[in-house]
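# A closer look at the structure
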Amino acid sequence: MICTALVFIMHLGFSFLEIGLTRQKNTINILFKNFFIITMGLLVYCLGGFNLMYPGFEEGANGVLKFAGFGITAPEGGMEFGYADGGYTWWTDFLFQGMFAATAATIVSGAVAERIKLSSFMFFSLIYVGLVYPIVGSWKWGGGFLDRWGFYDFAGSTLVHSVGGWAALIAIYVLGARVGKFDEQGKPKALLGHNIPLAAAGVLILWLGWFGFNGGSVLSADPALTSLTLVTTSLAAAAGGASAAMFSTLLYKNYDLTMFMNGILGGLVGITAGADQMSPTDAILIGSIAGIIIVLGVALIDRLKLDDPVGAVAVHLICGIWGTLAVGIFGSMAGWTQFLVQLAGVGIIGAFCVVSSGILLFAIKAAMGIRVSREEEIKGLDLAEHGMDAYADFRLNQH
Amino acid sequence: MICTALVFIMHLGFSFLEIGLTRQKNTINILFKNFFIITMGLLVYCLGGFNLMYPGFEEGANGVLKFAGFGITAPEGGMEFGYADGGYTWWTDFLFQGMFAATAATIVSGAVAERIKLSSFMFFSLIYVGLVYPIVGSWKWGGGFLDRWGFYDFAGSTLVHSVGGWAALIAIYVLGARVGKFDEQGKPKALLGHNIPLAAAGVLILWLGWFGFNGGSVLSADPALTSLTLVTTSLAAAAGGASAAMFSTLLYKNYDLTMFMNGILGGLVGITAGADQMSPTDAILIGSIAGIIIVLGVALIDRLKLDDPVGAVAVHLICGIWGTLAVGIFGSMAGWTQFLVQLAGVGIIGAFCVVSSGILLFAIKAAMGIRVSREEEIKGLDLAEHGMDAYADFRLNQH
Amino acid sequence: MICTALVFIMHLGFSFLEIGLTRQKNTINILFKNFFIITMGLLVYCLGGFNLMYPGFEEGANGVLKFAGFGITAPEGGMEFGYADGGYTWWTDFLFQGMFAATAATIVSGAVAERIKLSSFMFFSLIYVGLVYPIVGSWKWGGGFLDRWGFYDFAGSTLVHSVGGWAALIAIYVLGARVGKFDEQGKPKALLGHNIPLAAAGVLILWLGWFGFNGGSVLSADPALTSLTLVTTSLAAAAGGASAAMFSTLLYKNYDLTMFMNGILGGLVGITAGADQMSPTDAILIGSIAGIIIVLGVALIDRLKLDDPVGAVAVHLICGIWGTLAVGIFGSMAGWTQFLVQLAGVGIIGAFCVVSSGILLFAIKAAMGIRVSREEEIKGLDLAEHGMDAYADFRLNQH
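What you see is a predicted model; the values in this text were computed from it and never measured. (Residues numbered from 1 in each chain as written. Chains lettered and ligands numbered in written order. Predicted model: local features only at pLDDT ≥ 70, side-chain atom pairs only at ≥ 80, totals over all residues.)

Tallying secondary structure elements over chain A gives 14 helices and 0 strands in all. Helices and strands in chain A line up, N terminus first, as α-α-α-α-α-α-α-α-α-α-α-α-α-α. Radius of gyration (C-alpha) of chain A: 20 Å, near the 21 Å computed for a compact globule of 399 residues. On the principal axes, the C-alpha backbone points of chain A span a range of 60 × 45 × 35 Å. Put simply, chain A has 399 residues, and 67% of those count as buried. The long-range fraction of contacts in chain A, counting pairs at least 24 apart against all pairs at least 6 apart in sequence, stands at 77%. (Helix = DSSP H or I, 4+ residues; strand = E, 2+ residues; numbered from the N terminus. Rg over C-alpha atoms; globule rule 2.2 N^0.38 Å. Buried ≥ 20, exposed ≤ 12 C-beta atoms within 10 Å, placed from the backbone. Contact = placed C-beta atoms within 7 Å.)

For the pair chain C and chain B, the best superposition has an RMSD of 0.0 Å and corresponds to a rotation of 120° with a translation of 0.0 Å parallel to the axis. With respect to symmetry, the two chain copies, as superposed, fit the operation of a three-fold axis. Within chain C, the C-alpha atom positioned nearest to the axis of rotation is that of Arg395(C), 3.3 Å from it. Mapped onto chain B, only 8% of the interface residues of chain C again fall at the interface, so the copies present different surfaces. (Least-squares fit on C-alpha atoms with pLDDT ≥ 70 in both.)

This brings us to the interface of chain A and chain C. Contacts between the two partners involve 40 residues from chain A and, on the opposite side, 42 residues from chain C. Secondary-structure elements contributing two or more residues to the side of chain A that touches chain C are α1 (2-20), α7 (196-217), α8 (223-252) and α9 (257-272) of chain A. Of the residues forming the side of chain A that touches chain C, the biggest block, 13 residues, is contributed by α8(A). Residue classes in the side of chain A that touches chain C are distributed as 27 nonpolar, 11 polar and 2 charged. (Nonpolar A, V, L, I, M, F, W, Y, C, P; charged D, E, K, R; others polar.)

Moving on, we come to the packing of helix α9 (residues 257-272) of chain B against helix α11 (residues 312-326) of chain B. Residues and elements named next belong to chain B. As a packed pair, α9 and α11 sit with axes 7 Å apart at the nearest point and diverge in direction by 35°. Crossing angle aside, the handedness with which α9 passes α11 is right-handed. Contact residues: Asn-262, Leu-265, Gly-266, Val-269, Gly-270, Ile-271 and Thr-272 in α9; Ala-314, Val-315, His-316, Cys-319, Gly-320, Trp-322, Gly-323 and Ala-326 in α11. Class assignment for the residues of the contact of α9 with α11 results in 8 nonpolar, 7 polar and no charged. (Axes fitted to C-alpha atoms, helices over the stretch in contact; angles between N-to-C directions. Left-handed = near helix turned anticlockwise from the far one by under 90°.)

Bringing the interface of chain C and chain B into the picture now. Residue-level contacts link 40 residues of chain C with 42 residues of chain B. Those elements that provide at least two residues to the side of chain C that touches chain B are α1 (2-20), α7 (196-217), α8 (223-252) and α9 (257-272) of chain C. It is α8(C) that provides the largest number of residues to the side of chain C that touches chain B, a total of 13 residues. Taken together, the residues of the side of chain C that touches chain B break down into 27 nonpolar, 11 polar and 2 charged.

This next bit is on the nonpolar core. Membership of the largest hydrophobic core comes to 459 residues, with the highest contact counts inside it found for Ala168(A), Ala168(B) and Ala168(C). Non-local contacts of Ala168(B), meaning those with residues more than four positions away in its chain, are made with Ile107(B), Val108(B), Ala111(B), Ala312(B), Val313(B), His316(B) and Leu317(B). (Core = buried A, V, L, I, M, F, W, Y, C linked by C-beta atoms within 7 Å.)

On to the packing of α1(A) against helix α7 (residues 196-217) of chain B, then. Where α1(A) contacts α7(B), the axes come no closer than 9 Å and their chain directions differ by 175°. If you check the angle between α1(A) and α7(B), you find them roughly antiparallel. For the pair formed by α1(A) and α7(B), the contact residues are Ala5(A), Phe8(A), Ile9(A), His11(A), Leu12(A), Ser15(A) and Ile19(A) on the first element and Pro197(B), Ala200(B), Ala201(B), Leu204(B), Leu208(B) and Phe211(B) on the second. Residues belonging to the contact of α1(A) with α7(B) are distributed by class as follows: 11 nonpolar, 2 polar and no charged. (Parallel < 35°, antiparallel > 145°, perpendicular 65-115°, else oblique.)

Here the focus is the environment of Phe394(A). Relative to the assigned elements, Phe394(A) resides in the segment after α14 (381-386). The exposure class of Phe394(A) is buried, given the 21 C-beta atoms found within 10 Å. For Phe394(A), the contacting residues outside a window of four places in its chain are Phe394(B), Leu396(B) and Phe394(C).

The next point concerns the relation of the copies chain A and chain C. For the match of chain A to chain C, the screw axis carries a shift of 0.0 Å, the RMSD comes to 0.0 Å, and the turn is 120°. Both copies present different contact surfaces, since only 8% of the interface residues of chain A are interface residues in chain C too.

Glancing now at the confidence of the model for chain A. Residue and element names in this part refer to chain A. Averaged over chain A, the pLDDT score is 91; the fraction of residues at 70 or greater is 95%. Confidence, expressed as mean pLDDT per element, reaches its minimum in chain A at helix α3 (residues 90-111) with 89 and its maximum at helix α11 (residues 312-326) with 98. For this predicted complex, the interface confidence reaches an ipTM of 0.95, while the overall pTM sits at 0.96. (pLDDT = per-residue confidence, 0-100.)

For Lys305(A), which is not glycine, the phi torsion reads 65° and is therefore positive. Along the chain, the position of Lys305(A) falls in the loop between α10 (280-303) and α11.

With 16 residues, α9(C) extends 23 Å from end C-alpha to end C-alpha; this agrees with the ideal 22 Å at 1.5 Å per step. The element α9(C) is largely enclosed, with a buried count of 16 among its 16 residues. (Expected span 1.5 Å × (residues − 1).)

Bringing the environment of Val327(B) into the picture now. All names here are of chain B. Take Val-327: it is sitting in the loop between α11 and α12 (336-368). On the basis of neighbour counts, which here come to 29 C-beta atoms within 10 Å, the residue Val-327 falls in the buried class. Separated by 17 residues in sequence, Val-327 and Ala-344 have C-alpha atoms that sit 13 Å apart. Ignoring any residue separated from it by four or fewer positions in sequence, one finds Val-327 in contact with Tyr-152, Ala-273, Gly-274, Gln-277, Met-333, Gln-338 and Gln-342.

Bringing helix α10 (residues 280-303) of chain B into the picture now. Given 3.6 residues per helical turn, the α-helix brings residues three or four places apart onto the same face. All names here are of chain B. Here α10 is 24 residues long and its end C-alpha atoms lie 35 Å apart, about the 34 Å a rise of 1.5 Å per residue gives. Most of α10 sits inside the fold, with 17 of its 24 residues counted as buried. Just downstream of α10 lies Lys-305, where phi reads positive at about 60°.

Before going further, it helps to spend a moment on the environment of Tyr252(C). Its location among the elements puts Tyr252(C) in helix α8. For the pair Tyr252(C) and Val179(C), spaced 73 residues apart in sequence, the C-alpha to C-alpha distance is 26 Å.

And the structure:
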């Protein structure tokens, strides 16, 4: 239950991070998107998502797709503490999973910020949270075919973070870069975030939330495993931040706070798939490598002429893949077979997410348009879509 | 204990919400008021409030008023875990209730912001938290006459929220509107909030705090009931936000973030009276109706020429009443008898709060004045009462 | 485990407090320092600090210095719940202590803000967190000589707060005041904080964190003692804030929010040494005195021509000493012998911290310089050291 509260507060962390790293003229829009995801995500997950993700695959079924019906009802015994051998009830499980579900859409939200049409984003995220995320989730956490193969993803490096990350990647490709992001020679220009203290607070709040994300994924009150998980989570975060800060300082001769922050997040995403299988040393190694991946990943996205305002693809997709593969390289499950199963899981889920988000996004683009007009974008989405200013009393630079 | 921490953090949520929805020139003043409420509220509650609220009414007494003496001392067995059959100690109970107590004054604080005299507000809130709130509380939670009648208010839709809401309503009537709120024709003008990200963060922090508020009100470690309560709480919040957002978008052709935020709060207040008695479907219905009430309530307050900068009356009073009545309409206690008892409780408590806050506020107005001068109001209370600026380095618009 | 999460979030509180009370031009720098402390502090503590602090002194050894080797490994039985008779595991203990460790450096960070060279600060804090803090800690919490003498420091008034506070005092002496802090006649001038809402949020977040700090220091699941501890902690905080606000209002005829905030922190630091030994009345007395100490202490620092932007010396050093001595004056351990032991502990630890931080800081000053150039300071460290602006879209006052 406490973990559910911690996972909930991650939504504040994501909001702060996304607001802080973008421009003030799109602040209301970002908040609206995030409130939409939290509230509608939970309602959609309640309506059908949960039963799509935990459909109870029968023995012998292929474990690809099953739907247990609309609405939620506690099964017999679900009100009891200790439901399904964990130290929790069915309701706790539902709420914890529901808080998770919205995360995938939140990841996309950051990548597409400052230029996506609000109605299109809302439509996209409803489908993605209500259908794509739970179907993928059922393959592993719902006991589907990937689970039978032995694919391991403790708390969602792949099932949550890369599911969001793939859609983010496709979406920024479909959308194109923000006005002014690349100059005529194609050189990237930094469009500076307007409130770095909020972004930094977002990172710390996310770290806190990860205690719930990974700690709660033990899904039982086993204190030994939970406490080890929190240690590996924290050490990976620390190592990710430290290595990204050091590596970027070496590379760019500048103490770059944004890299530090994204390094911490990369470390957290990286440890998520195997947080309960790693020793402290493994966790530090996984985090350190994630930190370096972040620095290189952010540069790569720029090189590809893609525009990802908050670094969501590097953090959630690339580090999500890294963390999933790391289960086959480090810790108590390391081994070639496991590595190949992890790779297969990454590939199958990646293909499904790329195809489904691609179809969905191109369909939205064709049917209702996906991007605001150039005028609206320059004016800012707050005034264009909400008629409202986030900081009415402050004088702002026009740009 | 954890719930106590979550309820504590609601004070940060209320502060952020109130700051964010008002102008920068009154920020220090709002923070000072809130710090005053938290610290002095706890001290006053410790000095006498707790013993006024939980006096231990004797069998056969009328259960209206009793005072168990100044100061706090744990009763025999109060140090033991499991005190009074709950999974908590007497000390935990005291702290949890103390954190609650200040909330009533905080609700008033938002409504009277930007024009009340600090000393008058401090005096008012001491009396209200130290006397009015605990007396009302004793009628139900202290085992008084409303409890014997069968009145049900799980976590305070009436006992906390409407107690604050009635005083807020009377106070904004006594105070009058802020300079510039209504033009010469009496048409309301939006006095824009200056920091919407903080306000939005406040809403999410309050939602988090409500996990503690409602979850902790189970007052035991019964995991089944607590987890169901968190589910109903979250679904009502989500439904309240979604319905307010949709309804206001239909009405005003604008994606209104403030309505979205207040809808979430309305849903939370609405579910509070019966969070442990509702099914998920009931919770969604109660929240959805609360969301619509918010949109209409805010419009109504404007129509009445009242000025409530943060929407406290719509959120805490109107949705508080709605939530209390909903216990007689939805869920496991629904029925005409229950509905009438709920209505009686709402009415009696409302009358007592209106009368006591009315007397108190008019007395303060006569004795010491209740409103700052027009000059001070225009200059802003930060400079006028505190000689300090909340954002010294930023250039601000004068208005 | 929950307490670990709460202690972690104190880092957000410290960051907000420090940012809010300083100027916008040094915001990125402060965040970078804080992220450095959190991540590297945890890594250094993992590498060697923990084994320096809890080396397992043999019977008969003098209990001054021992090192149990690099790295961390759970001892036999350390994975079990109930390790060392507490309701926790060895891993939980490590993480909880690791979250503590960085606090000492964070305290220094606030005092030296806006003028220290980043590289010098990073070097200093690595040594201080990795060596000085754990050595001092081993004397009491590691079972060293102060523990054998009967010195009592429940959750670190001396072992954490004054250890940081002494270094802060020496550091601001070595560094000198910020440009513009004292005019030609030596009269202090307020260099206004730029974001008071964040600072206020920091105070509330720290209060929340203290629930974990003090609550978790019970180091067991004894609910009676933990709940009493949270009550004394909260009452001391409330009393500290109230008394500082009242005393400063009497003295300066001004409702001073900064004093209110520092009074709360002073009350929290003051109760920390004996939070489990005090009655509610004792806690209120200790907090009230701490509040008065804060007001006088801040004035004293100014009088001494020292420049402490956030009041860290008054809060952490002076109130830390007060709280430690208070264990010998109030509560269940009061007595002359205890008082003298407390005094001895304060003196010995103070001497060690002054000498070690003095040597370290003068060595850094000689070897690599400790202060940025006058030009860089006036320009702001964000641009000078990070090439980045914290609030790119806002118009800022130049000063």
